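Residues per chain, in single letters:
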Amino acid sequence: MNGRNGNGNGHPRSHISLRNLNVYYGRHHVLKNISLDIPDRTTTAIIGPSGCGKTTLLKSLNRLLDIEDDVRVEGEILVDGEDIYGPRAEVTHIRRKMGLLSQKPQVLPMSVYDNIAYGPRIHGLRGRRKLDLLVERHLKMAGLWDEVKGRLHQPASELSVGQQQRLCLARGLAVGPEIILGDEPTSALDPQSSQTVERVLNELKRDYTVVVVTHILRQARRIADYIVFLYLGELIEHGPAAEVFANPKHPRTKAYLTGEIS
Amino acid sequence: MTRGQKDGRLLRRKWTEAFFLVLMAASTIIVVLSLLLIVGTIVWKGLPALNLSMVTQTPKGGYYLGKEGGILNAILGSLYLGLGATALALVFSLPVALYLNLYARKSSRTASLTRFALDVLWGIPSIVYGAFGFLVMMLIGLRASLLAGIITVALLELPIMTRTMDEVVRLVPRELREASFSLGATRLETAFKVVTRQCLPGFLTAVLIAFGRGIGDAASVLFTAGFTDRLPLGLLQPAATLPLAIFFQLGTPFPEVQQRAYASAAVLTILILVLSILARVLVKRATRHVIK
Amino acid sequence: MRLVKDWLGRRVMQAFSFIPGFLVLLIVVGLFWKSRAILAVKPVGRLLFSSAWQPLKGEFGLWPFLMGTLWVTAVALVIALPISLLTAVYLSEYAPRTIREFARPLIDLLAGVPSVVFGVWGMLAVVPFVGRVLAPLFGTTSSGYSILAGGIVLAVMIFPTIIHVSLEVFASVPRALREASLSLGATRWETVRRVVLRKGGQGILAAGLLGLSRAFGETMAVLMVVGNVPVVPRSLFAPGYPLPALIANNYGEMMSIPLYDSALMLAALVLLLVVLSFAVVGRWILVRVERRAQ
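Note that the coordinates shown come from a computational prediction; the quantities given were computed from them, not determined experimentally.

Here we look at the confidence of the model for chain A
Residues and elements named next belong to chain A.
No. 1: Mean pLDDT over chain A stands at 87; residues scoring 70 or higher make up 94%.
No. 2: The least confident element of chain A, judged by mean pLDDT, is helix 10 (residues 251-257) at 86; the most confident is helix 3 (residues 112-122) at 93.
No. 3: In the model, residues 1-12 has pLDDT below 50 throughout and makes eight contacts with residues more than four positions away in sequence or in other chains.

Here's what the structure looks like:
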């Protein structure tokens, strides 16, 4: 279902560009004039103090802001060159391109198997064998197969929190996204599960673009190739991780990295 | 799947959603419309029947089938009954609501059993309260009267009032109670001086809701309060009530009498609407002032 | 002195707290006590399942009334459940804030309308509608005073009950769960069907049970439109005679005919037990759902 890799002759790489993005909750100006390019097939970490709009930025990427009351979005977000807020944009397609990993694992109220199969079934995949193969492949991708292969048809809520989060990852991968979004994906997990999730995310960036919101600076250092620093809704600094961590250009960035502001 | 198949499927999914959206909007309209229809019907029939003489006179000429006069007997009867029943229920509801939250421990069996009993009482149909009230009347030798009606309706109102008050007191943050205790106040003093004051709007709402329920109910007073053309004279005399006035007078073949029924319906409906709106306004004010 | 008052206050309030439980027992026991007279003379089975209702001859078969109640309640549920659920889903998942804030108070107001007022509306609007519009449409004649009329009025009465509980159930489903489903490319409707309704399934059942128990016990409105003929209803357009209506209509005669009052008390007892079982189960489910959400 990953239809992106078939074309070898210069097909434009999946690439997210934000142009003058402004988001308002009612009269509250949450994101102020954000313009940035998120590089392809790398892990980008969005960092910054809490309440600064990191999650809003993430949710604007897959148009989850649409379901909130009183939200206004201005500007453009281009994915593969097309504005996802444009008049001809098809929301379900856009969302499908991006898998979302929430902070608290959100397993659907069904069995492990049905959780993974949920997305593909909705998009029309039929046939027991095809689904079985799909479920197995994606559980293996998330490093979960060995642990759950004996209880595929039991309720997903019976898994441990760490297993649930990996299940959500597998579930998101099963619809064939190109981009993976993570909203503090390990902050609710124990250290061991966090490690596993980080490892999987690192493996995934070979084929997917990964964008992760995190408030754990050490995590950003571990996994990020590219850093975006938000403060109070403004884009303060962004660039390759090595540069930003070694030589932050903006004083605020420096202050945040050294722990003066949090 | 081919691209064509994919698009076709997407179209089908969108059309399914649109179909159900239409059904949902239609359902919502039906529900909202029914309220408007009901109030509209009552107003249409009742408003023309309402005039000064209707509201200030009692029926004349015959055992509530008289062709002249008004519905003052029912209006006053309902008011006395409602006030009496609500006051009686309040005497028992307030202490119970306070006890459940301030004295009993969270896990206490008395508290959960009492709450369960209140839920049970809340579900009992009003006709059963009426039948029970009738039983009690027979037992203690009370005739159909204002007092019997008050007792029965108080029973009806008790679970409603207690439950609402319970929910209101539950919202009081425990820090507030602790602050009061740490100043040396006893639990009783805390209860009455601090908590009650904090919950006053909520309590008022509970009283209004229960009152509205009490005066609107016919089945509970059917057996117990009797009916009469005259103004309520004493606790031991039968009393007219608006719901019964509607019920009895609508069933007669005389249009003048039916007019009185419509007028009663209009008065009752307007009264209940005003009470409901007042209760809502109070709830809004209560949540504004609540210390969080 | 203050401590004495505190102690006294505590004892009094504690005593009062026993009252609700005591009342429940009192009511059940009281009704049962009064029913003993007729239960001594006739076996329970005969009373519940016989269709012969001739009080003057000492026949007190309650079957027509049980059937009447069942029919009216069934019609009410068939009408009210879909409409209420669709409305609740709309208000919870789709409606813009302005519509939601407009509709909710109106639905709560509907809940406060007294039973007799529903009855008046029923007599003025629903009965003629059934008799003059619906019956000819279906090829039968009817005075309009029918099970169908009773069911329609009852349905409108239980809209607020089912809607209110359903809305609470939907609100308890975490928003992030919906977001998870939408992120996989599901439409909002698919999310509702496959995730929200599934998660809230038990709560919806409870809503239905609470609506059912409310419908069962409803007296005045139904009484005014249902016809009150003590036979098992033959069709939706025929009149019926639900149990609460039986009790309400005959309190006048009950003292003059032997065993009549006992029979009516038995009817009240049966009504009480049925209504309570539904309501208690419904509430118990809701408590469990609430506890799990925390």
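Still more to cover.
Here's the deal with the nonpolar core
Nonpolar side chains tend to gather and get buried jointly when the protein is soluble and globular.
No. 1: One finds A131 of chain B together with V153, A267 and A268 of chain C to be the most contacted residues of the largest nonpolar core, which totals 262 residues.
No. 2: Here the element with the most residues in this core is helix 6 (residues 147-171) of chain C; it accounts for 17 residues.
No. 3: Dropping the residues within four chain positions of it, V153 of chain C is found in contact with F118, G122, V126, A221, V222 and V225 of chain C.

Section: unusual backbone geometry
Residue and element names in this part refer to chain A.
No. 1: Phi angles above zero are rare outside glycine, and R41 is one such case at about 45 degrees.
No. 2: Mapping R41 onto the fold places it in the loop between strand 2 (28-38) and strand 3 (43-47).
No. 3: On the basis of neighbour counts, which here come to 17 C-beta atoms within 10 Å, the residue R41 falls in the partly exposed class.
No. 4: The phi dihedral of D70 is positive, around 65 degrees, even though this residue is not glycine.
No. 5: Secondary-structure assignment places D70 in the loop between helix 1 (54-61) and strand 4 (71-79).
No. 6: Using a count of 11 C-beta atoms within 10 Å as the deciding quantity, one classes D70 as exposed.

Structural notes on the confidence of the model for chain B
No. 1: Mean pLDDT over chain B: 85, with 89% of residues reaching 70 or higher.
No. 2: Across the assembled chains, the prediction reports ipTM 0.90 with pTM 0.89.

Digging into helix 5 (residues 115-137) of chain C
Residues and elements named next belong to chain C.
No. 1: For helix 5, with 23 residues, the first-to-last C-alpha span of 29 Å runs short of the 33 Å given by 1.5 Å per residue.
No. 2: The largest bend in helix 5 comes to about 45 degrees, at G122.
No. 3: At the C-terminal side of helix 5, G139 shows a positive phi close to 80 degrees.

Cut-offs and rules
- Residues numbered from 1 in each chain as written.
- Chains lettered and ligands numbered in written order.
- Predicted model: local features only at pLDDT ≥ 70, side-chain atom pairs only at ≥ 80, totals over all residues.
- pLDDT = per-residue confidence, 0-100.
- Helix = DSSP H or I, 4+ residues; strand = E, 2+ residues; numbered from the N terminus.
- Contact = placed C-beta atoms within 7 Å.
- Core = buried A, V, L, I, M, F, W, Y, C linked by C-beta atoms within 7 Å.
- Buried ≥ 20, exposed ≤ 12 C-beta atoms within 10 Å, placed from the backbone.
- Expected span 1.5 Å × (residues − 1).
- Bend = angle between axes of the 7 residues up to and from the residue.

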